[in-house]
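Descriptive structure summary
The residues making up each chain are set out below.
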Amino acid sequence: MSGALADVARALLRPGARDVTGLAAAVPGQLGRLAAELTAAGRAGTRVGLVTGVHIAWAPTPAAETDGPVGTAVLAAGLAELGADPVVLTDEPCAQVTAACLEVLGAGRLEVLPGSAGEAQVRDRVAALGLSHLVAVERLGPNADGRVLTMRGFDVTGSTAPLHAAFDLPGLVTGAVGDGGNEIGMGNVPADVVAACVAHGDRIACRVPVDALVVAGTSNWGCSGLVAGLARLSHGRRDALAALLDPQVDARLLAAATAAGAIDGVTGVPGATVDGVPVAGYADLLADLRAMART
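Residues numbered from 1 in each chain as written. Predicted model: local features only at pLDDT ≥ 70, side-chain atom pairs only at ≥ 80, totals over all residues. Heavy atoms only, no water.

1. Structural notes on the confidence of the model for the protein
We count it as follows: Looking at any residue, its pLDDT shows the predictor's confidence there, from 0 to 100. Starting at the N terminus, helices and strands are each numbered in turn, a helix being any DSSP run of H or I of at least four residues and a strand any DSSP run of E of at least two.
Of all residues in the protein, 99% attain a pLDDT of 70 or more, and the chain-wide mean is 96. Mean pLDDT values for the elements of the protein range from 88 in helix α1 (residues 3-11) up to 99 in strand β6 (residues 133-137).

Okay, here's the thing in structure tokens:
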């Protein structure tokens, strides 16, 4: 990874719900690789797909979680600023929250797939979009047995449309952002590393690989890190991209997500938190990333 992005990658290792340093150590340089690919997509004006949404089925009131849609909205806005055409894909249980986040920043057309969609339907729908890149953000994927499990080992296969099936379409450059080992893209991390680094890792590890994986303390932070990377690589748009990393922007997005019914993926209850971390607990990280974007 270039020195210009190594500090961004290090900043993202702040723990959210867990220590992610072991997962990140298995994928060195991949943040830089994905940032470079997305910068190229912006310059070429191509269509980039962003896949997000986790349905917390075990919660007292099941709902989509705050981690994922918030960061996806920031990344979509960053890509649009560079000239790319972002399309955000999710499934029905996460559609309302994802739409609310996209509306805040006004970037990213939403495509919603039915929860009952099969793998062939997913592939056909995504292939028809004419994407150059496809990036998953905090989107759970299947383990070695084909089951989709939460960090607690709760099976959510039945309420998770198989959007992972699109990641083997020919011709796509693929990427992912994750923080727990059970997300699309974690196939880049050896299974024994996930097992050693994450509770229930031997059971929950997603085996879907991508071309480049970003590991962060929360996936929302990983998206902010990617936007900082886009700014570093796109000198003419640095101020506009850095503005997306203002902690107040994050607070607005999180408020919109919560108003739309989102809950914290760790606590299972609504509130202005991401993986148990309140907004005030990571505002300094966003401010640091904003400063990095401008240098």
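Next comes the rest of the description.
2. Some words on the environment of Ala293
Worth spelling out the cut-off: Note on contacts: a residue pair qualifies if any of its non-hydrogen atoms lie within 4.5 Å across the two residues.
Here Ala293 is to be found in helix α12 (residues 283-293). In this structure the C-alpha to C-alpha distance between Ala293 and Leu230, which are 63 residues apart in sequence, comes to 8.0 Å. Among all residues touching Ala293, those that are not within four sequence positions of it are Ala228, Ala231, Arg232, Arg238, Ala242 and Leu245.

3. Thoughts on helix α5 (residues 92-105)
Inclusion rule: The angle between axes fitted to the seven-residue stretch ending at a residue and the seven-residue stretch beginning at it gives the bend at that residue. When a residue's accessible area, from a 1.4 Å probe over protein chains only, is under 20% of the maximum for its type it is buried; when over 50% it is exposed; and in between it is partly exposed.
Considering bend angle alone, the principal kink of α5 is centred on Thr98 and spans about 25°. Looking at α5, one finds that the buried residues are Cys94, Ala95, Val97, Thr98, Ala100, Cys101 and Leu102. Backbone geometry just after α5 places Gly106 at a positive phi near 65°.

4. Notes on the side chain of His133
Heads up, the rule is: Between N or O atoms, a polar contact is any pair within 3.5 Å; within protein, one atom must be a potential hydrogen donor and the other a potential acceptor, and residues adjacent in sequence are included only when both atoms are from side chains.
By secondary structure assignment, the location of His133 is in strand β6. Here Glu37 takes part through its side chain, which lies 3.1 Å from a polar atom of the side chain of His133. If we skip the residues at most four places from it in the chain, His133 touches Glu37, Leu38, Ala41, Thr46, Arg47, Val48, Gly49, Leu172 and Val173.

5. Notes on the environment of Glu183
Mapped onto the fold, Glu183 is located in the loop between β7 (173-178) and α7 (191-197). Along the chain, Glu183 and Ala136 lie 47 residues apart, while their C-alpha atoms are 8.3 Å from each other. Of the polar contacts made by the side chain of Glu183, one reaches the backbone nitrogen of Asp179; its length is 3.0 Å. Looking at Glu183, its side chain comes within polar contact range of the main-chain nitrogen of Gly180, at 2.9 Å.

6. A few points about the pairing of strand β4 (residues 85-91)
Going by this rule: Here, strands pair whenever DSSP counts at least two bridges between them.
In terms of residue burial, β4 counts as a mostly covered element, since 6 of its 7 residues are buried. Inspection of the sheet shows strand β1 (residues 47-52) paired to β4 by 5 bridges, in the parallel sense. Residue Leu50 lies in a different strand from β4, and its bridge partner there is Val88. Of the strand pairs in this sheet, β4 and strand β5 (residues 109-113) are connected by 5 bridges, and their pairing is parallel. The residue bridging Asp91 from the neighbouring strand is Leu113, located in β5.

7. Regarding the layout of surface pockets
Counted only if it meets this: For cavity detection a 1 Å grid was placed over the protein atoms alone, and a set of points counts as a cavity when a 1.4 Å probe fits there but cannot get out; an open set counts as a pocket when protein lies on both sides within 12 Å along at least five of seven lines, with lining residues being those that have an atom within 4 Å of a point. Grid points are joined across faces, edges and corners, and a volume is the space filled by probe spheres set on the points. Just so you know the grouping, Ala, Val, Leu, Ile, Met, Phe, Trp, Tyr, Cys and Pro go in nonpolar, Asp, Glu, Lys and Arg go in charged, and all remaining residues, Gly too, go in polar.
In this structure, the largest pocket spans a volume of roughly 280 Å³. The wall of the largest pocket is formed by 20 residues, among which Arg18, Met151, Arg152, Gly265 and Val266 lie closest to the centre. Looking at the lining of the largest pocket, its residues break down into 10 nonpolar, 3 polar and 7 charged.

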